[in-house]
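Remarks on the overall topology
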Amino acid sequence: MSRTFEDARRWAQLGTVLFVQAADLDDAALDAPSALPGWTRKHLVAHVAANADALGNLVHWAATGEHTPMYSSPEERAAGIERGAGMTAAELTGWLHRSAEELAASTAALSDEQWQSPVVTAQGRTVPATELPWMRSREVCVHAIDLGTGLTFADLPADFLAALCDDVIGKRAQGPGPALLLEATDTGARWELSGEGLPAPLTGPLHEITAYLTGRAHALTAPGGAPAPALAAWL
Ligand code: ZN
């Protein structure tokens, strides 16, 4: 994997700006559906605000050594999203802004040594705190598109998209699914995913490959125009 810590910090900042700008909507627009099944935009904004608070818990853990998990339970995580979905636009965007600023401030205060501290993610993985900016950049960048206000993967930096494809391929390689051979026609990047059957060759712009691999709306087709093989949900 070729992404660096500095890359991830840059993408987390950029993605936060994109998400916060895209979520600057009135109540009617925020009550409209997001691109994620069953979620309004308010659910999604609440999820991203809660994610900043939860990552803030891991920053606290890294800074102090005190065991502070992202969420106390899956129920607490779900309750936060439901609570946010019932907020007014002003309350919700207030939470979004505040949570993003607090996370930026707490991460900026970490020392080099604290960044190396091990923390445990909500999925139960133990990672150094240096992974937190990457976790945040995935959330804000991908969910900025899921808001459904017009942003697409083509609006994200190509180096972020390539790092995201690396990440998703690594995750998908651990589960069942079709074998794939992907090639980005614009950057030349290639990915192989082992799986069932002969590898399906798929070529297209990097942003379409990223949309496909992350399970979002995409225009990627197999040679001859057949639909790309269906993939299981990713996040
Ligand atoms: Zn998410």
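To be clear, the structure that these remarks concern was listed above.
Report follows, based on the coordinates. (Residues numbered from 1 in each chain as written. Predicted model: local features only at pLDDT ≥ 70, side-chain atom pairs only at ≥ 80, totals over all residues. Heavy atoms only, no water.)

This paragraph deals with the coordination of the zinc ion. Reference values for coordination geometry: four tetrahedral donors around a metal ideally subtend 109.5 degrees, six octahedral donors ideally subtend 90 or 180 degrees. Of the protein atoms, only His 47 (NE2), Glu 139 (OE) and His 143 (NE2) coordinate the zinc ion, at distances of 2.1 to 2.2 Å. Written as a sequence motif, the donor arrangement for the zinc ion is H-x91-E-x3-H. With Glu 139 and His 143 both in helix H7 (residues 132-146), this residue pair falls 4 residues apart, about one helical turn. For the pair shown, Glu 139 and His 143 are each scored as buried. (Donors = N, O, S within 2.8 Å, 3.2 Å for Na, K, Ca; no water. Helix = DSSP H or I, 4+ residues; strand = E, 2+ residues; numbered from the N terminus. Buried < 20%, exposed > 50% of the residue type's maximum accessible area, 1.4 Å probe, protein only.)

Once that is clear, we can look at helix H1 (residues 5-22). For H1, with 18 residues, the first-to-last C-alpha span of 26 Å sits near the 26 Å given by 1.5 Å per residue. Those residues of H1 that sit buried are Asp 7, Ala 8, Trp 11, Ala 12, Gly 15, Thr 16, Leu 18, Phe 19, Val 20 and Ala 22. For H1, the secondary structure elements touched by its buried residues are helix H3 (41-64), helix H5 (89-108), H7 and helix H8 (158-172). (Expected span 1.5 Å × (residues − 1). Contact = heavy atoms within 4.5 Å.)

So, on to the side chain of Arg 172. Mapped onto the fold, Arg 172 is located in helix H8. Buried Arg 172, no salt bridge; nearest opposite-charge side chain is Asp 167, N-O distance 9.8 Å. At a separation of 2.9 Å, a polar atom in the side chain of Arg 172 contacts the main-chain carbonyl oxygen of Leu 213. What Arg 172 contacts, discounting residues up to four positions off in sequence, is Leu 193, Leu 213, Thr 214, Gly 215, Leu 231, Ala 232, Ala 233 and Trp 234. (Lys, Arg positive; Asp, Glu negative; His and termini not counted. Salt bridge = Lys/Arg side-chain N within 4 Å of Asp/Glu carboxyl O. Polar contact = N/O pair within 3.5 Å; in protein donor to acceptor, adjacent residues only side chain to side chain.)

So yeah, pure geometry; function would need other evidence.
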